[in-house]
Amino acid sequence: MDYAIPDLDTLSRQLTSLDRTKKAKMLVVDDEPDNLDLLYRTFRRDFQVLKAESGVRALELLASEGEVAVIISDQRMPEMKGTEFLSRTVPQFPDTMRIILTGFTDVEDLVEAINSGQVYKYITKPWDPNELKAVVQRAAETYELLKQRTEELRRSQAQTALLTTIVRAAQDATHLEASLEPIATAFGKSFQADGSILQLVEGNSLVASQGKFSLNGALDNWLEKDPLVAAAIESQKMQVAVNIPGDATLAALDHYTASGVQAHLLVPVSYREEVLAVLSLQWHQPCTLREDELVLLHLSAQQVALALTCVRYYRPVT
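Each value, and the rule that gives it
Residues numbered from 1 in each chain as written. Predicted model: local features only at pLDDT ≥ 70, side-chain atom pairs only at ≥ 80, totals over all residues. Heavy atoms only, no water. Phe/Tyr/Trp six-rings, centres within 6.5 Å; stacked < 30°, edge-to-face > 60°. Helix = DSSP H or I, 4+ residues; strand = E, 2+ residues; numbered from the N terminus. Buried < 20%, exposed > 50% of the residue type's maximum accessible area, 1.4 Å probe, protein only. Lys NZ or Arg CZ within 6 Å of the ring centre and 35° of its normal. Patch = residues over 30% accessible without salt bridge, like charges linked within 9 Å, V, L, I, M, F, W, Y side chains within 5 Å. Areas by Shrake-Rupley, 256 points an atom, 1.4 Å probe, with all protein chains shown as cover. Salt bridge = Lys/Arg side-chain N within 4 Å of Asp/Glu carboxyl O. Lys, Arg positive; Asp, Glu negative; His and termini not counted. Charge placed at Lys NZ, Arg CZ, Asp CG, Glu CD. Polar contact = N/O pair within 3.5 Å; in protein donor to acceptor, adjacent residues only side chain to side chain. Contact = heavy atoms within 4.5 Å. Pairing = 2+ DSSP bridges. Axes fitted to C-alpha atoms, helices over the stretch in contact; angles between N-to-C directions. Core = buried A, V, L, I, M, F, W, Y, C linked by side-chain atoms within 4.5 Å.

Undergrad: Quick question: what am I supposed to make of the packing of aromatic side chains here?
TA: Note on aromatic pairs: each is described by the distance of the centres and the angle between the planes. Within the structure shown, the criterion is met by three aromatic pairs. Measuring from centroid to centroid gives 6.4 Å for Phe187 and Phe191, while their planes differ by 10°, and the two rings are stacked. Between the aromatic rings of Trp222 and Tyr256, the centroid separation amounts to 5.1 Å while the plane-to-plane angle is 65°, which identifies the pairing as edge-to-face. With Trp222 in the loop between strand E7 (205-214) and helix H8 (227-235) and Tyr256 in helix H10 (residues 254-259), the pair connects residues that are 34 residues apart, well separated along the chain. Like Trp222, the residue Tyr256 is buried in the burial classification. A cation over an aromatic ring shows up here: Lys51 above the ring of Tyr40, its NZ or CZ 5.0 Å from the ring centre.

Here it is in structure tokens:
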């Protein structure tokens, strides 16, 4: 087996370039417009700042915008106190760092919120801008560390599931076609793809046998029309399109427009220089993958090649 990935550096640069300038999100909540604007101006250079004038509005923003790294909330607001608002965000966004601004003594609420893990830090009004910036910076770093650990655990579990599925396909499948769908599903889930297809190849051409995974509903198979597939089979190298709307040639293809696929990764599954299948991973947003994920894809494809060869030659084809 060849454990080296051809053009790894080039692939890695393509798949990581989109994430370099992305700002972390933060939410600032205060019923006083002057304070809200001041918080926005303080952090807009370093964060993508969302503003809300109440706890109710803040919850609506989170529902539409999703998780943020840091929330700064005033404590004394009409309708809903800051601690009550922050406590409501914990179940859905446990990793978010929560900072409370308080201009009066409300010891019981603050102590309860801090002890229950709902508040990372409290700052008294009027706040010192440098102190607040330092606290927010530490909070953002803590959030990133938590997300990294959570993601590492998820990836480890997904990788184990992926490799287990490949081995089981080789052991349990009674015919070649039966092994395709579970493998496609395992790859799709492991790499959080919106769609995944594993399709057999004979004589350097796609054949009808395939396995598919779709995160939402049906998945059309247009691989036969896609130039990336032909390039993957011919070169026996991964083909990557990380941002299809930004690629004039691919964006003009009807199947990308119709499917909404914005990123596409093709992995040739080869054994002894023969392409046995192609693996298609599709996302509905521009894609980023780390170098270690590329290595996992490459090595897992080699395991799939062995599994398909085993099933093809040592199981009866029906």
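Okay, back to it.
Undergrad: What exactly am I supposed to notice about a positive patch on the surface here?
TA: Positive charge collects at one region of the surface, where Lys23, Arg41, Arg44, Arg45 and Lys133 lie side by side. With respect to the element layout, Arg45 can be found in the loop between helix H2 (33-43) and strand E2 (47-52). Given a relative accessible area of 71%, Arg45 falls into the exposed group.

Undergrad: Help me out: how do you make sense of the environment of Ala178 in this one?
TA: Within the secondary structure, Ala178 sits in the loop between helix H6 (129-172) and helix H7 (180-190). Expressed as a C-alpha distance, the spacing of Ala178 and Val311, which sit 133 residues apart in the sequence, is 9.5 Å.

Undergrad: Help me understand the side chain of Ser300, please; the structure alone is not making it clear to me.
TA: Along the chain, Ser300 turns up in helix H11 (residues 291-314). Among the polar contacts listed, one links the side chain of Ser300 to the backbone oxygen of Leu296, at a separation of 2.7 Å. Among all residues touching Ser300, those that are not within four sequence positions of it are Leu162, Leu163, Ile166 and Phe187.

Undergrad: Can you walk me through the sheet that holds strand E10 (residues 274-283) in this structure?
TA: Within a sheet, each strand pairs with its neighbour through backbone hydrogen bonds, oriented either parallel or antiparallel. Taken together, the five strands give an open sheet; going across it, the order is E7-E6-E10-E9-E8, and neighbouring strands pair in antiparallel fashion. Looking at strand neighbours, the two that pair on one side only are E7 and strand E8 (239-241), the edges of this open sheet. Averaged over all pairs of adjacent strands, the angle between their axes in this sheet comes to 15°, without regard to strand direction. The pairing of strand E9 (residues 263-271) with E10 spans nine bridges and is antiparallel. When the sheet's bridge partners are listed, Ala263 is paired in E10 with Trp283.

Undergrad: Is there a simple way to explain the nonpolar core in this structure?
TA: Looking at soluble globular proteins, one finds that nonpolar side chains tend to be buried together. Counting residues in hydrophobic clusters, the biggest one holds 38 residues, and the most contacted among them are Phe187 and Leu297. Per element, the largest residue contribution to this core is nine residues, and it comes from H11. Counting residues in hydrophobic clusters, the runner-up holds 21 residues, among them Leu39, Met97, Val135 and Ala139.

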